[in-house]
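# Chains, contacts and geometry: an overview
If you want the building blocks of each chain, they are given just below.
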Amino acid sequence: MNFNAEQFAAAQQANLTSAADLSQTAFAGFERLVELNMAAGKAAVGETLSNMQALMGAKTPQDMMAVQAALVQPAFEKSVSYGRHLSDIANSTGAEFTKAVESKMAESEKAVKSLVETSLKNAPAGSDAAVAVFKTAFEASQTAAESLKKVAKQAADTAETNLKAATAQAEASVKAAMSKAKAKA
């Protein structure tokens, strides 16, 4: 297989384009994170002032405890919402990176396979046994790589499912505890 300067330049241009696309994806994710944090910070300042006014308006210790108890639920809900938005940003940005990397890996695998096949076609006469052994080893490595990809995907899916379940369980536990606290008040 002849690999000329034009092919090399085209490959480098494609890699540069991929790098630029990944940079844009990273910056877009970072921008969403900054926007989320700015909105959360702005809301926190306003809510803090409002909460302080409510606490200062309490006439008795019981009133103050009631105001504090009333502030816990909204704070928890906002915290959960922030976590969900943060998770969404991370998941969507990660999915875009994964898609791009998988695409590049598929292109690379195709190019390597083509190179190997072309090289084996041009093998010298009498090397049939060596070519057969190499083909078998190459196919086995391709099969192993596919298996590893599937295992990694399953592990990532399982981890995401477990994280969602743990988050839901934590939310339920906090809500139950808050309900008990309100009942006692």
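Residues numbered from 1 in each chain as written. Predicted model: local features only at pLDDT ≥ 70, side-chain atom pairs only at ≥ 80, totals over all residues. Heavy atoms only, no water.

## Focus on the overall build of the protein chain
Within the protein chain one finds three helices and zero strands. In sequence order, the secondary structure elements of the protein chain are arranged as α-α-α. Expected size for 185 residues packed as a compact globule is a radius of gyration near 16 Å; at 29 Å, the protein chain overshoots this value by more than 25%. Of the contacts formed within the protein chain by residues at least 6 apart in sequence, a portion of 76% connects residues at least 24 apart. Carbon and sulfur atoms provide 64% of the accessible area of the protein chain, an area that totals close to 14,000 Å². The distance from the centre of the 19 positive side-chain charges to the centre of the 19 negative ones in the protein chain is 8 Å. (Helix = DSSP H or I, 4+ residues; strand = E, 2+ residues; numbered from the N terminus. Rg over C-alpha atoms; globule rule 2.2 N^0.38 Å. Contact = heavy atoms within 4.5 Å. Areas by Shrake-Rupley, 256 points an atom, 1.4 Å probe, with all protein chains shown as cover. Lys, Arg positive; Asp, Glu negative; His and termini not counted. Charge placed at Lys NZ, Arg CZ, Asp CG, Glu CD.)

## Here's the deal with the environment of Thr 25
By the secondary structure assignment, Thr 25 is in helix α1 (residues 5-56). With 68 residues separating them in the primary sequence, Thr 25 and Thr 93 have C-alpha atoms 6.8 Å apart. In contact with Thr 25, not counting residues within four places along its chain, are Thr 93, Glu 96 and Phe 97.

## A word on the pattern of salt bridges
Pairing is possible between side chains that carry opposite charge, provided their charged atoms lie close to one another. Overall, the coordinates contain two salt bridges when judged by the stated rule. Asp 88 is the partner of Arg 32 in a salt bridge, and the nearest nitrogen-oxygen pair spans 3.0 Å. Of this pair, Arg 32 sits in helix α1 while Asp 88 sits in helix α2 (residues 61-121); the two residues are 56 residues apart in sequence, bridging distant segments of the chain. A relative accessible area of 32% places Arg 32 in the partly exposed class. With its nearest N and O atoms 3.5 Å apart, the salt bridge here joins Lys 78 to Glu 47. Note that Lys 78 is positioned in helix α2 and Glu 47 in helix α1, a separation of 31 residues in sequence. By relative accessible area, which is 28% here, Glu 47 ends up partly exposed. (Salt bridge = Lys/Arg side-chain N within 4 Å of Asp/Glu carboxyl O. Buried < 20%, exposed > 50% of the residue type's maximum accessible area, 1.4 Å probe, protein only.)

## Topic: a nonpolar patch on the surface
Nonpolar side chains collect at one region of the surface, where Phe 30, Val 34 and Met 38 lie side by side and expose about 320 Å² of accessible area between them. By the secondary structure assignment, Met 38 is in helix α1. The class of Met 38 is exposed, set by a relative accessible area of 58%. (Patch = residues over 30% accessible without salt bridge, like charges linked within 9 Å, V, L, I, M, F, W, Y side chains within 5 Å.)

## A short note on the side chain of Gln 73
Here Gln 73 is to be found in helix α2. Judged by relative accessible area, Gln 73 falls into the buried class, the value being 16%. Within polar-contact distance, the side chain of Gln 73 engages the side chain of Glu 77 at 2.6 Å. (Polar contact = N/O pair within 3.5 Å; in protein donor to acceptor, adjacent residues only side chain to side chain.)

## Description of the confidence of the model for the protein chain
For the protein chain, per-residue confidence averages 82 on the pLDDT scale, and residues scoring 70 or more make up 95% of the total. Of all the helices and strands in the protein chain, helix α3 (residues 128-184) carries the lowest mean pLDDT, 78, while α1 carries the highest, 88. (pLDDT = per-residue confidence, 0-100.)

## Quick look at the environment of Leu 36
With respect to the helices and strands, the residue Leu 36 is situated in helix α1. Sequence spacing of Leu 36 and Ala 152 is 116 residues, and the spatial spacing of their C-alpha atoms is 30 Å. Discounting chain neighbours no more than four positions away, the residues touching Leu 36 are Tyr 82, His 85, Leu 86 and Ile 89.

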